[in-house]
Amino acid sequence: MLKSMRKKLLLSLCLLVGMTAVLAGCTTEKQENAPSAGIASNEKVVTMSWPRDIGPMNPHLYNPSQMFAQSMLFESLVAYKDGKIEPNLAESWTVSPDGKVYTFKLRPNVQFSDGTPFTAKNVKRNFDAFMNNKNMHTWLGMVNRLDKTEAVDDTTFKLTLKEAYYPTLYDLAVVRPVRFLADAGFPDNGDTSKEVKKPIGTGPWVLSEYKRDEYAVFTPNEHYWGDKPKVEKIIVKVIPDGETRALAFEKGDLDLIYGEGVISFDAYQQLQQTGNYVTKLSEPIGARDLVLNTMNPKLSDIRVRQALHHGFNKQAMVEGVTLGMEEKADNILPPNLPYADVAPMSVNYNVEQAKALLDQAGWTLPAGKTIREKEGQPLQLELIYDKADLVQKSFAETLQAEWANIGVKLDITGVELTVYIQRRKANDFDMNFYSTFGAPYDPHSFMTAVIQNGYGVSDTLVALPMKAELDKEVKEGMSTTDEQLRTKLFGSVLTTLQEQSSIIPISYIKKIALYQKRVAQFNFPSNRDEHPFYGIDTK
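Quantities reported herein were computed from a predicted structural model and do not represent experimental measurements.

Student: A description of the pairing of strand β17 (residues 380-386) should follow, citing residues and the corresponding values.
Tutor: Burial runs high along β17: six of the seven residues are buried. Two elements, β17 and strand β18 (residues 409-415), share seven bridges in a ladder whose sense is parallel. Directly across from Leu-381, in β18, lies its bridge partner Leu-410. Tracing the backbone out of β17, into helix α12 (residues 390-404) and back to the parallel element β18 gives a crossover that is right-handed. The sheet contact formed by β17 and strand β19 (residues 431-435) spans two bridges and is parallel. Residue pairing in the sheet places Ile-384 in a bridge with Asn-432 of β19.

Student: Just give me the short version of the UniProt feature "domain: Solute-binding protein family" (unreviewed entry) in the protein chain, but keep the residues and values in it.
Tutor: Feature annotation in UniProt assigns "domain: Solute-binding protein family" (unreviewed entry) to the following positions: residues 84-450. Between the end C-alpha atoms of residues 84-450 the distance is 23 Å, and the span holds 27% helix and 24% strand.

Student: I'd like a rundown of α12, residues and numbers included.
Tutor: The first and last C-alpha atoms of α12 sit 21 Å apart over 15 residues, in line with the 21 Å expected at 1.5 Å per residue. All of the buried residues along α12 are Val-391, Gln-392, Phe-395, Ala-396, Leu-399, Glu-402 and Trp-403. With its buried residues spanning 130° around the axis, α12 presents them on a single face. Capping the start of α12, Asp-389 holds a side-chain oxygen 3.0 Å from the backbone nitrogen of Val-391, two or three residues further along.

Student: Pulling in residues and values, what's your account of empty space enclosed by the protein?
Tutor: This model, assessed by the stated rule, comprises one cavity of 30 Å³ or more. Along the walls of the largest cavity sit Arg-288, Asp-289, Gln-392, Phe-395, Phe-433, Tyr-434 and Ser-435, which together make up its complete lining. When residues in the lining of the largest cavity are grouped by element, the largest group, three residues, is from β19. Of the residues belonging to the lining of the largest cavity, the class tally is three nonpolar, two polar and two charged.

Student: Lay out the layout of surface pockets in plain terms, naming residues and giving numbers.
Tutor: A volume near 660 Å³ is recorded for the second largest pocket. As for the second largest pocket, its lining consists of 32 residues, and the residues nearest its centre are Lys-81, Asn-88, Tyr-224, Tyr-534 and Gly-535. A per-element tally of the lining of the second largest pocket places strand β2 (residues 78-81) first, with three residues. Split into classes, the residues belonging to the lining of the second largest pocket amount to 14 nonpolar, 10 polar and eight charged.

Student: I'd love a proper account of the pairing of strand β3 (residues 84-87), names of residues and values included.
Tutor: Pairing of β2 with β3 involves four bridges; the strand directions are antiparallel. Counterpart to Ala-79 in the pairing with β3 is Glu-86. Between the antiparallel neighbours β2 and β3 lie two residues, among them Asp-82 with a positive phi of about 50°.

Student: Explain the nonpolar core residue by residue, including any values.
Tutor: In a soluble, globular protein the nonpolar side chains are often hidden away together inside. The biggest cluster of nonpolar side chains holds 111 residues, and the ones touching the most others in it are Leu-77, Phe-104 and Phe-127. Ignoring anything within four residues of it in the chain, the contact list for Leu-77 reads Pro-87, Asn-88, Leu-89, Ala-90, Phe-104, Leu-106, Phe-118, Val-123, Phe-127, Phe-157, Leu-172 and Phe-180.

Student: How would you explain helix α8 (residues 265-273) if you had to name every residue and give the values?
Tutor: The set of residues buried in α8 consists of Phe-265, Ala-267, Tyr-268 and Leu-271. Around the axis of α8, the buried residues are gathered within 165° of arc, so they sit on the same side. Immediately downstream of α8, the backbone of Gly-275 shows phi near 75°, a positive value.

Student: Can you lay out the pattern of salt bridges for me, pointing to particular residues and giving the numbers?
Tutor: Between side chains of opposite charge, pairing is possible as soon as their charged atoms come close. Applying the stated criterion to the full structure yields 26 salt bridges. One salt bridge in this structure joins Lys-124 and Asp-128, with 3.3 Å as the shortest N-O distance. One end of the pair, Lys-124, and the other, Asp-128, are both in helix α4 (residues 120-131), four residues apart, so they sit about a helical turn from each other. Of the residues examined, Lys-124 reaches a relative accessible area of 25% and is grouped as partly exposed. The partly exposed category is assigned to Asp-128, whose relative accessible area is 31%.

Student: Run through the sheet that holds β18, naming residues and quoting values.
Tutor: Working definition: the strands of a sheet are paired by backbone hydrogen bonds and lie parallel or antiparallel to each other. Strands sit in the order β14-β20-β13-β19-β17-β18 across an open sheet of six strands; the sheet is mixed. Two strands close off the open sheet at either side, each with one partner strand: β14 (327-328) and β18. Taken together, the two bridges between β14 and strand β20 (residues 503-509) define a ladder with antiparallel strand orientation. Pairing of Lys-328 across the sheet is with Ser-507, part of β20. Of the strands in this sheet, β13 (286-292), β17, β18, β19 and β20 are in contact with α12, which crosses β18 at around 165°.

Student: Tell me about the packing of aromatic side chains, and please be specific about residues and values.
Tutor: In the structure shown here, the tally under the stated rule is 26 aromatic pairs. Taking the centre distance of 6.4 Å and the plane angle of 15° together, the rings of Tyr-102 and Phe-104 count as stacked. Take Tyr-102: its relative accessible area is 5%, and that puts it in the buried class. Taking the centre distance of 4.7 Å and the plane angle of 55° together, the rings of Phe-249 and Tyr-277 count as tilted. Of the two residues, Phe-249 is situated in helix α7 (residues 242-251) and Tyr-277 in the loop between α8 and β12 (278-281); the sequence distance between them amounts to 28 residues. Residue classification places Phe-249 among the buried positions, given a relative accessible area of 0%. With a relative accessible area of 13%, Tyr-277 lands in the buried category. Each member of the aromatic cluster is reached from another via a ring pair, and the members are Trp-93, Tyr-102, Phe-104, Phe-112, Phe-118, Phe-127, Phe-130, Phe-157 and Phe-180. Arg-125 extends its terminal NZ or CZ atom over the ring of Phe-186, reaching a point 4.0 Å from the ring centre.

Student: Residues and numbers for the environment of Asp-114, please.
Tutor: One can find Asp-114 in the loop between β5 (101-106) and α4. Of the polar contacts made by the side chain of Asp-114, one reaches the side chain of Thr-116; its length is 2.7 Å.

Student: Give a description of the environment of Val-462 that names residues and reports values.
Tutor: Looking at the element boundaries, Val-462 is found in the loop between α14 (444-451) and α15 (467-479). As a C-alpha pair, Val-462 and Glu-483 span 21 residues in sequence and 28 Å in three-dimensional space. If we skip the residues at most four places from it in the chain, Val-462 touches Thr-294, Met-295 and Lys-467.

Reading the values: the criteria
Note that residues are indexed from 1 along each chain, following the sequence as it is written. For a predicted model such as this one, the threshold for reporting local features is a pLDDT of at least 70, and the threshold for listing and counting side-chain atom pairs is 80 or more; totals across whole chains, interfaces and linings nevertheless cover every residue. Based on all heavy atoms of the structure, the side-chain values leave hydrogens and waters out of the count. Each residue is placed in one exposure class: buried if its accessible area under a 1.4 Å probe, protein chains only, is under 20% of its type's maximum, exposed if it is over 50%, and partly exposed if it falls in between. The numbering of helices and of strands both runs from the N terminus, where a helix is a DSSP run of H or I of at least 4 residues and a strand a run of E of at least 2. A strand pair is defined by DSSP finding two or more bridges across the two strands. With strands facing away from the observer, any crossover in which the path from the first strand over the helix to the second runs clockwise is taken as right-handed. UniProt positions are given in the numbering used here, feature names are shortened, and annotations may be inferred rather than shown by experiment. Helix span, as expected, comes to 1.5 Å for every residue beyond the first. Working definition: the arc comes from the directions between the helix axis and the C-beta atoms, pointing outward to the latter. Polar contact criterion, stated in full: a pair of N or O atoms within 3.5 Å, where within protein one must be able to donate a hydrogen and the other to accept it, and residues adjacent in sequence count only if both atoms are side-chain atoms. Only protein atoms enter the 1 Å grid used here, on which a cavity is any set of points holding a 1.4 Å probe that cannot leave and a pocket is any open set flanked by protein within 12 Å on both sides along at least five of seven lines; residues with an atom within 4 Å of a point are listed as lining. Grid points are joined across faces, edges and corners, and a volume is the space filled by probe spheres set on the points. Lys, Arg, Asp and Glu make up the charged group, whereas Ala, Val, Leu, Ile, Met, Phe, Trp, Tyr, Cys and Pro make up the nonpolar group; the residues left over, Gly among them, are polar. Definition of nonpolar core: a set of buried residues of the types Ala, Val, Leu, Ile, Met, Phe, Trp, Tyr and Cys, connected through side-chain atoms within 4.5 Å. Any pair of residues with heavy atoms lying within 4.5 Å of one another is described as a contacting pair. What makes a salt bridge here is a side-chain nitrogen of Lys or Arg within 4 Å of a carboxyl oxygen of Asp or Glu, nothing more. Geometry is summarised by axes, namely lines fitted to C-alpha atoms with helices restricted to the contacting stretch, and by angles between N-to-C directions that run from 0 to 180 degrees. Stacked, tilted and edge-to-face pairs are distinguished by plane angle, under 30 degrees for stacked and over 60 for edge-to-face with tilted covering the rest, among Phe, Tyr and Trp rings (Trp via its six-membered ring) whose centres lie within 6.5 Å. Two thresholds decide whether a charge sits over a ring: the Lys NZ or Arg CZ must be within 6 Å of the ring centre and within 35 degrees of the ring normal.

The following block contains the structure:
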C-alpha cells in the first residue's frame, strides 16, 4: 500500500528535526515528543495534520495565520450556514430601509476565553483596529463603504455605510479580519496590524500548547456560550508533504485528513479502497474556470471561443485528472451558492462543430500543416498556470493535446505564484485558470472581479459588446435591496458570460475528509474557511 510514498519517506527520515522542510512527524524522536505520544487511551482526542504552521493567530491579519485555526478561536457577528446568514455573536439585527444602517443586538452573557465580557464596546474597538489599517483590507467590499460604527449600549452595535451594499452580512461572516479579540489581547498601542499579546477570543477552542512548525494543541473554552466541544483535545501536527501525511494517517498517527489538496487524488483513492477508513467529499465549494482574454484579437471572436469550448472532452478530462473526486462544471459558480442557481449551459464535446466554427471565423488549415492560419498568422495561444498546482498543470496538458486535434497550438507556461498573480493583474495572458472563492465570498466576490480591474477577470471581458451592460447589472445587483431583482441581475450576468464562452467552467472543487473509524461524527462546514470541528466526536 502506497509503496512509492514509502520510498520517499525513507529519504525524508534522514533530515534534521528542526528543518521546516519536513517539520513534525518526520523522525522517531519528534514523534515521541509530539503531544499525541502521551495521550491516555480513554482521552477523547482528534489528531489531524496541516501543511504549515498555524501562525500567530491574529484575527485581523492574513498569512501566515491559517484560517481554520483562527476560526477556532475567534468568532463573527453572523455566520454563514447552508447558504444563509444566521445569528452568531449577534442574536438579531435590523437593516434600515435604505440599506445603509445595520443595528446588531449582541447575544447576552458571552465571555471571552479569559472570562471577560463581550460587549458592543469591544466590537467597536476591533472595528476601529482593523479600520485604522484600512488599506490592508480593501478587498472586503464592506470596508470600502464603511462610514462609522457606534456602541449604542453594552449589547447594541450600529454600523453605518456610505451606500447600500447587500454583501455586508456576508463580509461580516468571513474568517478575517472582522472577528473579535479580547481587550487583554490588544498590544499596548492598540495597533493589531503587526501582532497581538494573546489570541483571546470567544470561540469554542483555546490554544493551550504550541510548538512552532511542529504542532498546536487546542482545548475547549470553558467560557464558551454555545454547544461545548465533545472532545477534549484537537492536535494539529505540521506535515508539509502530502505523501508523508498519507503515510502518517495509514500508520495511525493521524485521526483526520481534511482540506483541499492535502493529499493526492491517488493517495485518497488507495486509502479509500482499503475499506479501513471513512471517506467523504463535500458539496462543491468553488469552481475551477478557464478565463479567455477577449483583448487578444484571436479570442475576441466568439466563434473561436465557442470552438475551444466544444473542442475538449470536459467530462473525460475532469475524471482523468481528479479521478472523479471533482465533478464536471456547467456553471461558472457552483449552483448551491446564493444567486448562482442559473440554468446550466452544457456545451457538448464536438470536434466537428469546433472545426466548423473555426472555419467560419476564417481560421483554416493549410494543406500539409497541423496549425490553422488566418492571413498568414498561426492560431497559437498561451495558457499560464501556477506551476506548483499539479491539477492546473494536468488540465493545461490535456487542453494542449485536445486542441491540437482541432488545429490550435496551445503553449502552456507554468510560472511561480507571484508571477502568475502579477501577469493576471497586468492582463498579460491569453488564458488562465480562475478559482472562485466559494462561500461566504461568492457570488459577490466574483461579481466584483467582473467589474474591478486587477482580479484577472474584468480586463479580459472588455472586448465583449455587452461589457458596459454587464457592469451596470453587477453594480445595481450589489446595491439593490430587492432580492428578486438581484437574483435576476446576477442570473443575467452569469448566463451572458457562459453564452459568450468568455469564462469556461471546468470543474467543481470539493474538500476531502478521510478519518479513522474511531471518529464518530464529522461534518463539513458551510463556510469554506471555517474549521471542521463543530460537533466532532470520538467513539
